[in-house]
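Below are the chains, spelled out letter by letter.
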Amino acid sequence: MQDPVSTIEEALLDPSLKDKVDLVLSKTDDGFYRVASADGSINFARQDSGDGSTEYSVVEQLGLNPLSDQATDTVLSMDEEKRMHASGASPASYPNAFESVAQFFDSPDASDVFVCRHPGFDPEGYSGQHGSLALVQSRALLIASGAGTHHGSRGTGTERTVDIAPTIASLLGLEADSRGKFLAKQDGRVLNHLLNGATASHVVVLLLDGCNSNLLWDVVAAGEAPALAGLIDQGSILRQGMTASLPTATLANHTAAITGLHPGRSGILHHTWLKRDTGQVPELLSFEEMFWASDHLAPGVETIFEVIERQRPGSFSTATFEYCDRGASLSSFAMVRGGTTEGLPELSEVRHVDHVGWTASAEYEFLSRVDHLSMVKKQTLQAWQQVDGNPLPTLSWCSFAVTDGAGHASGPHGELARQAIIDTDGRVGEIIAAVDRAGALDHTAFLVISDHGMEQTDNAVVGDWHGALTQTGIGYRDIGEGLIYID
Ligand SMILES: [Zn+2]
């Protein structure tokens, strides 16, 4: 008799689900990682090579190897993305797929099966989606600029979201331990090729949630994002982007960037998953739970805010509208937890919005108010104005959400996603100006990142895989439309 995971895999790869299911991931009983598509499957092994590096090898293959193409130097423009989408050829490749799959199953809470959706399919019917291993969804934005960064550096294609925290530590001149690591636990490495060896007194991280890197490049090239263009002029943008960890989603990769740990080891596997020891199912995108998201960090994990405080006691750091805020001196989420937050600004107070966004989407309006608050009131701008008598921030981490909301609403090929970058550019410009007014511009590094990519869907693809799974007779829970736990 087939084991339940194989039965579920077979049901998901039925030709009737071809427009919804791209890859089915699992871990075998003998410790191999399994990746199956309609055209073939592999089992692969992960081995420590002894010198601190890790090797992956395919131990079994049937039909085509679904992960044979892991290129990052492809689909490097919005035009190419549109052509690929129109031809139905997506996904192009699966960057860093071996590591990304294996780390997911390191989590004690990993589902028995992970479904990578077909790029065209979003179960909620949005025009843009992410979450899978595929290139456009896993490609996150990375611009490094200002003090300590190298002008015009090119990426190597190996940069990952987990590399952000150690790179910030190195930029600030913090001390690594005897293992060469900055954080108590650390998967990431310092992106030395982006740095010029000088240290920065301050690092500003601007996280544009869900921002498609090709789209940002397109908007900058059209002259519609002058603040971001200025940062690129003073530094570099990695045209291949950096690769998000699986699942290529918000909570998993905000946390990866701040802890230097993959989601399978940080404790925050996704925005929703099953905590196997307690049976609890967190819902970290809900207003009831999001402000407490960092409570789910695994024991022994350190955030970059905590590393800074440990090495530079009394320094000041800000985390605005950031889920993984533990250890920051000033945090918008901590204000909510403590009941001291100011409400969202009135619509009339919000700067940098265009009428396209206002009229097209209530969520766009809401997230614009959120991003205005992240930028200004008691938050990033005021920290740089030192209104509370605080020292200038050593690390100022400012997350913006409208790029993600707009990306889902219109898809990255749509007008709203483009407008969100233009609006966010205005906020980025205000923050750069505040750093300048504080006299700190020459010794401040800026990292502009996103946590994952955003891919256009095909609105004609509707339905789900639950009927096919129910027919197997196997009891299961599907959490977050893709994490399948067998009863
Ligand atoms: Zn996100």
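Everything here concerns the structure above.
These lines cover the structure that appears in this document, whether it is placed above or below. Nothing here was measured: the structure is a model prediction, and the numbers come from that model. (Residues numbered from 1 in each chain as written. Predicted model: local features only at pLDDT ≥ 70, side-chain atom pairs only at ≥ 80, totals over all residues.)

Check the secondary structure of the protein and you find 17 helices and 18 strands. At 22 Å, the protein has a C-alpha radius of gyration in line with the 23 Å of a compact globule built from 487 residues. Projected onto its principal axes, the C-alpha coordinates of the protein cover approximately 70 × 55 × 45 Å. Taken across its 487 residues, the protein has 55% of its residues classed as buried. (Helix = DSSP H or I, 4+ residues; strand = E, 2+ residues; numbered from the N terminus. Rg over C-alpha atoms; globule rule 2.2 N^0.38 Å. Buried ≥ 20, exposed ≤ 12 C-beta atoms within 10 Å, placed from the backbone.)

Here the focus is the packing of helix α7 (residues 226-233) against helix α16 (residues 415-437). Viewed as axis vectors pointing N to C, α7 and α16 meet at an angle of 60°, and their least axial separation amounts to 7 Å. Taken together, the axes of α7 and α16 lie oblique to each other. Contact with α7, carried on its side by Pro226, Ala227 and Leu228, involves Asp425, Val428, Gly429 and Ile432 of α16 and no other residues of that element. (Axes fitted to C-alpha atoms, helices over the stretch in contact; angles between N-to-C directions. Parallel < 35°, antiparallel > 145°, perpendicular 65-115°, else oblique. Contact = placed C-beta atoms within 7 Å.)

Relative to the helices and strands, Ala92 is located in the loop between α2 (78-87) and α3 (97-104). Classification of Ala92 by C-beta neighbours within 10 Å gives partly exposed; the count is 18. Separated by 11 residues in sequence, Ala92 and Glu81 place their C-alpha atoms 9.6 Å apart. Ignoring sequence-local partners within four residues, the contact set of Ala92 consists of Thr74, Val75, Met84 and Leu135.

Moving on, we come to the sheet that holds strand β12 (residues 317-320). The 7 strands lie next to each other as β10-β8-β15-β9-β14-β12-β13, forming an open sheet whose pairing is mixed. Single-partner strands in this sheet number two, and they are β10 (235-237) and β13 (330-331). The pairing of β12 with β13 spans 2 bridges and is parallel. Along β13, the bridge assignment pairs Thr318 with Leu330. Sheet strands touched by helix α5 (residues 164-171): β9 (202-208), β14 (395-400) and β15 (444-449). Its angle to β15, the strand with the most contacts, is close to 170°. (Pairing = 2+ DSSP bridges.)

Another point: the nonpolar core. Among the nonpolar cores identified, the biggest contains 129 residues, and Val203, Leu206, Ile431, Val448 and Ile449 are the most heavily contacted of them. For this core, the leading source of residues is α16, giving 9 residues. Structurally, this core is a two-domain feature, drawing no fewer than three residues from each of domain 1 (4-135 + 457-486) and domain 2 (139-456). In this view, Ile431 contacts Val204, Leu206, Met375, Thr380, Leu381 and Cys398; residues no more than four positions away in its chain are not counted. (Core = buried A, V, L, I, M, F, W, Y, C linked by C-beta atoms within 7 Å. Domains from an automatic or database assignment.)

Between helix α6 (residues 213-221) and α16, the least distance of the axes is 10 Å, while the angle of their chain directions is 65°. For the crossing formed where α6 meets α16, the hand is right-handed. Counted together, Leu215, Leu216 and Val219 of α6 and Ala417, Arg418, Ile421 and Ile422 of α16 form the full contact between these two elements. Its residues assigned to classes, the contact of α6 with α16 shows 6 nonpolar, no polar and 1 charged. (Left-handed = near helix turned anticlockwise from the far one by under 90°. Nonpolar A, V, L, I, M, F, W, Y, C, P; charged D, E, K, R; others polar.)

Of the two faces of β12, both are covered, the one formed by Ser317 and Ala319 as well as the one formed by Thr318 and Thr320. With 4 bridges connecting them, β12 and β14 associate as parallel partners. Residue pairing for β14: Thr320 is matched across the bridge by Cys398.

Moving on, we come to helix α13 (residues 362-375). With 14 residues, α13 should cover 20 Å at 1.5 Å per step; its first-to-last C-alpha distance of 20 Å lies within 8% of that length. Buried within α13 are the following residues: Tyr364, Leu367, Ser368, Val370, Asp371, His372, Leu373, Ser374 and Met375. (Expected span 1.5 Å × (residues − 1).)

Moving on, we get to α16. Relative to the 33 Å expected for 23 residues at 1.5 Å per residue, α16 spans 34 Å between its end C-alpha atoms, a close match to the ideal helical length. Just past α16, the residue Gly439 takes up positive phi, approximately 80°.

For the rest of this paragraph, the subject is the sheet that holds strand β18 (residues 483-486). The strand order β4-β3-β2-β1-β5-β18-β17 describes an open sheet built from 7 strands, whose pairing is antiparallel. Two strands bound the open sheet, and with one partner strand each, they are β4 (54-63) and β17 (476-479). Within the sheet, the average angular offset between the axes of one strand and its neighbour, ignoring direction, is 20°. Packed on one face of the sheet, helix α1 (residues 4-12) meets β1 (21-27), β2 (33-37), β5 (113-117), β17 and β18 and runs near 175° to β1. Packed on one face of the sheet, α3 meets β1, β2, β3 (40-48), β4 and β5 and runs near 115° to β2.

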